[in-house]
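# Observations on chain architecture
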Amino acid sequence: MALDRPLRSVLYIPASKPRALDKARGLPVDAIIFDLEDAVTTEEKTSARGILAEALSQGGYGPRMRIVRINALDTPWGIDDARAAAEMGADAILLPKVSSPADLDALAALTGDTPLWAMMETPMGMLNAAAIAAHPNLQALVMGTNDLAKELNTRARPDRLPLQAGLGLCLLAAKAHGLAIIDGVYNAFKDDEGLEVECAQGRDMGFDGKTLIHPAQVAVTNTAFSPSETEIDTARRQIAAFDEVAASGQGVAVVDGKIVENLHVDTARKLIAQAEAIAAMAQDE
Ligand SMILES: CC(C)(COP(=O)(O)OP(=O)(O)OC[C@H]1O[C@@H](n2cnc3c(N)ncnc32)[C@H](O)[C@@H]1OP(=O)(O)O)[C@@H](O)C(=O)NCCC(=O)NCCSC(=O)C[C@H](O)C(=O)O
Ligand SMILES: [Mg+2]
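Residues numbered from 1 in each chain as written. Chains lettered and ligands numbered in written order. Predicted model: local features only at pLDDT ≥ 70, side-chain atom pairs only at ≥ 80, totals over all residues. Heavy atoms only, no water.

## Focus: the coordination of the magnesium ion (ligand 2)
Put simply, the rule is: The donor set covers N, O and S atoms within 2.8 Å of the metal, switching to 3.2 Å for Na, K and Ca, and it leaves out water, so a site may look short of donors. Only DSSP runs of H or I with at least four residues qualify as helices, and only runs of E with at least two residues qualify as strands; both kinds are numbered from the N terminus onward. Summary of the burial criterion: residues with accessible area below 20% of their type's maximum are buried, those above 50% are exposed, and those between are partly exposed, where the area comes from a 1.4 Å probe applied to protein chains only.
Surrounding the magnesium ion (ligand 2) are the protein donor atoms E121 (OE) and D147 (OD), which sit 2.0 to 2.2 Å from the metal. One end of the pair, E121, is in the loop between β5 (116–120) and α5 (123–127); the other, D147, is in helix α7 (residues 145–152), and 26 residues separate them in sequence. The same class applies to E121 and to D147, which are both buried.

As structure tokens, then:
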């Protein structure tokens, strides 16, 4: 299931917090994950489901993609969450701790045609990433770097070296199957500089965007995952230069001292399309 839209900033909102659910209606995020899992206490699990259903029925989220993260199906809440989420009219349902395609089969049996997203956050999930990404109902992978770090007993490092194998496997799996892939959260939500570094790393690696935990992280992330003015200018000049040489029967142009072939033009056109989609989304808000 291909998903062709901006997903730079994907904000988690605890479904138990009406004030945050309301605030999100005015935030410039590309997508929202309404969370019934880790951000919601055991005592609030059931009431959060009702609060979320009410918020989604009221609407007001505009062009933002709406995803509901349920509890795992082997928890006391998972099956009821899945059934309720399928009735909420969300754009997708996100299943945590997916370790094999069978986890998604079990969810799809409860949710029908609703598109699915998968949290990638267990060692077995990393090893089965290719099989998981091949699931027909799946639209996107979301990295759960907190759970993955816990399972691997890693130390936190700014370069995320201990997580690189898992991040890389999931990226390859997503790209091989044409899925979107969103990077994990940056926990220090008041540290803009650290967030910038981690966003740049994720963007360089090929992630489509980053999951966020606080509104203060939105601006930095949107900027990091948007094409810059320089990139847009270079892409336009590459397309023009290639069209010019192609008209005279040649297959290679040179821009800024670097060759431009048809594959580079594909990348340039994709970048321009992304910039246009971001601009269109901003107008819809
Ligand atoms: C981290 C927080 C607990 C901080 O909350 P709070 O102290 O209320 O922050 P502020 O006072 O600075 O809030 C200012 C206003 O912003 C609103 N707000 C805060 N957070 C959000 C949000 N996520 N979405 C929308 N709005 C938000 C507050 O309501 C204030 O509004 P107002 O009063 O009108 O000014 C809190 O940010 C929070 O709970 N964040 C989400 C945490 C979360 O979702 N965790 C689970 C996901 S992370 C994860 O599980 C990843 C994965 O599974 C893994 O394994 O890695
Ligand atoms: Mg997690």
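## Some words on the UniProt feature "domain: HpcH/HpaI aldolase/citrate lyase" (unreviewed entry) in the protein chain
Rules: UniProt positions are given in the numbering used here, feature names are shortened, and annotations may be inferred rather than shown by experiment.
Sites flagged by UniProt as "domain: HpcH/HpaI aldolase/citrate lyase" (unreviewed entry) map to residues 8–215. End-to-end, the C-alpha atoms of residues 8–215 are 14 Å apart, and along that stretch the chain is 41% helix and 19% strand.

## As for the environment of A118
Using the following cut-off: Two residues form a contact once any of their heavy atoms are found within 4.5 Å.
Position of A118 relative to the elements: it lies in strand β5. C-alpha separation for the pair A118 and I93, spaced 25 residues apart in sequence, amounts to 8.4 Å. Setting aside anything within four residues of it in sequence, one finds A118 in contact with L94, L95, V98, L104, I132, L138, A140, L141 and V142.

## Let's talk about the packing of helix α11 (residues 229–247) against helix α12 (residues 262–284)
This is how it is decided: Axis definition: a line fitted to C-alpha atoms, over the contacting stretch in the case of helices. Angles run 0 to 180 degrees between N-to-C directions. We call two directions roughly parallel when the angle between them is under 35 degrees, roughly antiparallel when it is over 145, roughly perpendicular when it lies between 65 and 115, and oblique otherwise. Should the near helix be turned counterclockwise from the far one by less than a right angle, the crossing is left-handed, whereas a clockwise turn marks it as right-handed.
α12 packs onto α11 with a crossing angle of 135 degrees between their chain directions and a minimal axis gap of 9 Å. Between α11 and α12, the interaxial angle falls into the category oblique. In this structure, the crossing between α11 and α12 has a hand that is left-handed. Listed contacts from α12 to E231, I232, A235, R236, Q238, I239, F242 and D243 of α11 are N262, H264, V265, A268, R269, L271, I272 and A275.

## Some words on the packing of aromatic side chains
The cut-off we apply is this: Only the six-membered ring of Trp is used, alongside the rings of Phe and Tyr, when aromatic pairs are assigned; centres must lie within 6.5 Å, and planes under 30 degrees apart are stacked while those over 60 apart are edge-to-face, with the rest tilted. Any Lys NZ or Arg CZ found within 6 Å of a ring centre and within 35 degrees of that ring's normal is scored as a charge over the ring.
All told, the structure shown has one aromatic pair when counted by the stated rule. A centroid spacing of 5.2 Å and a plane angle of 75 degrees characterise the contact between F34 and Y61, whose relative ring orientation is edge-to-face. Remark: Y61 occurs in the loop between α2 (45–58) and β3 (65–69) and F34 occurs in strand β2 (residues 31–35); sequence separation between them is 27 residues. With respect to class, F34 is no different from Y61; both count as buried. Note that K45 overlies the ring of W77, its terminal NZ or CZ placed 5.2 Å from the centroid.

## Some details on α2
Three or four residues apart is the spacing at which side chains of an α-helix point the same way, because the helix has 3.6 residues per turn. We apply this condition: Multiplying one less than the number of residues by 1.5 Å gives the expected span of a helix. By definition, the arc is the one covered by directions from the helix axis to the C-beta atoms.
Spanning 14 residues, α2 covers 20 Å between terminal C-alpha atoms, matching the ideal 20 Å at 1.5 Å per step. Those residues of α2 lying buried are K45, A48, R49, L52, A55 and L56. Across the axial projection of α2, the buried residues extend over an arc of 135 degrees, all falling on one side. Exposed residues on α2 whose side chains face more than 90 degrees from its buried face are T46, S57 and Q58. Considering only its buried residues, α2 is in contact with α1 (18–23), β2, β3 and α3 (78–87).

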